[in-house]
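Structure at a glance
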Amino acid sequence: MAETLSSLDELKDVVAEGDAPATDVVTDTPKEPVRDALGRSYATGKRKDAVARVWIKPGSGKVTVNGKPIDTYFARPVLQMILRQPFEITGREDQFDVQATVKGGGLSGQAGAVKHGISKALQLYEPGLRPALKAAGFLTRDSRVVERKKFGRRKARRSFQFSKR
């Protein structure tokens, strides 16, 4: 741009002429579905220290985690409910089979990791589901982790008992 601009009106004229820098254009058309040769979509979900590898494919709604059915691996109904949330939000209950392998963390973190992986895999399988999953907050990784223990303290923030005498 050779000339200098001194007011906003001159800037509007320049933008109208088409000299404006190129910007990314957001389109409403969904992207192509991402599937492998077996018709599955794969995603990785994370929560706390747990990492879940999740594959989804069309089926009868069977969920296996580390080779076990969901009610055996996650015995608590609350954890099973967490895994079903992405399907309920998108209205796809009992339409996909889920196979997941999880490592690290405890049961609550593992359930959150599988939920995150299912959400990402659903979005890859059907890109039109992204707005519903995004609005529910299922595509965002929950970044909260345990605070580390500090030296000179009993735990992360708890101090040793104070003795006056």
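Structure first, text after, so check above.
A brief structural summary. (Residues numbered from 1 in each chain as written. Predicted model: local features only at pLDDT ≥ 70, side-chain atom pairs only at ≥ 80, totals over all residues. Heavy atoms only, no water.)

1. Side note on the overall build of the chain
Quick reminder of the rule: Helix and strand labels come from DSSP, where a helix needs a run of H or I of at least four residues and a strand needs a run of E of at least two; each type is numbered from the N terminus. Partly exposed residues are those whose accessible area sits between 20% and 50% of the maximum for their type, while under 20% is buried and over 50% is exposed, using a 1.4 Å probe and protein chains only. The contact rule is simple, with two residues in contact once any of their heavy atoms fall within 4.5 Å.
Helix and strand content of the chain: five helices and five strands. Reading the secondary structure of the chain in the N-to-C direction produces α-β-β-β-β-α-α-β-α-α. Counting across all 165 residues of the chain, residues that qualify as buried make up 30%. Contacts in the chain between residues at least 24 apart in sequence constitute 65% of all its contacts with a sequence separation of at least 6.

2. Some words on the sheet that holds strand β3 (residues 63-65)
Rules: DSSP-based pairing: two strands are paired if at least 2 bridges between them are found. Under this scheme, a helix contributes an axis fitted over its contacting stretch, all axes are lines through C-alpha atoms, and angles between N-to-C directions fall in the 0 to 180 degree range.
Across the sheet, which stays open at both edges, the five strands sit in the order β1-β2-β5-β3-β4 with mixed pairing between neighbours. Of all strands in the sheet, those with a lone pairing partner are β1 (41-47) and β4 (68-69), marking the two edges. Helix α4 (residues 107-125) contacts β1, β2 (50-58) and β5 (96-103) of the sheet and is inclined by roughly 145 degrees relative to β1.

3. As for the nonpolar core
Let me state the cut-off plainly: Among buried residues, those of type Ala, Val, Leu, Ile, Met, Phe, Trp, Tyr and Cys that are joined through side-chain atoms within 4.5 Å constitute a nonpolar core.
In this structure, Ile56, Val65, Phe74, Leu83 and Leu122 are the most contacted members of the largest nonpolar core, which totals 29 residues. Those elements giving two or more residues to this core turn out to be β2, β3, α2 (70-73), α3 (77-90), β5 and α4. When residues in this core are grouped by element, the largest group, seven residues, is from α4. Setting aside residues no more than four positions away along its own chain, Leu83 makes contact with Val63, Val65, Ile70, Phe74, Ala111, Val114 and Ile118.

4. Some points on the pattern of salt bridges
Quick reminder of the rule: A pair is scored as a salt bridge if a Lys or Arg side-chain nitrogen falls within 4 Å of a carboxyl oxygen belonging to Asp or Glu.
Per the stated rule, a full pass over the model turns up six salt bridges. Here Lys150 ties to Glu147 by a salt bridge, and the two come within 2.6 Å at their closest N and O atoms.

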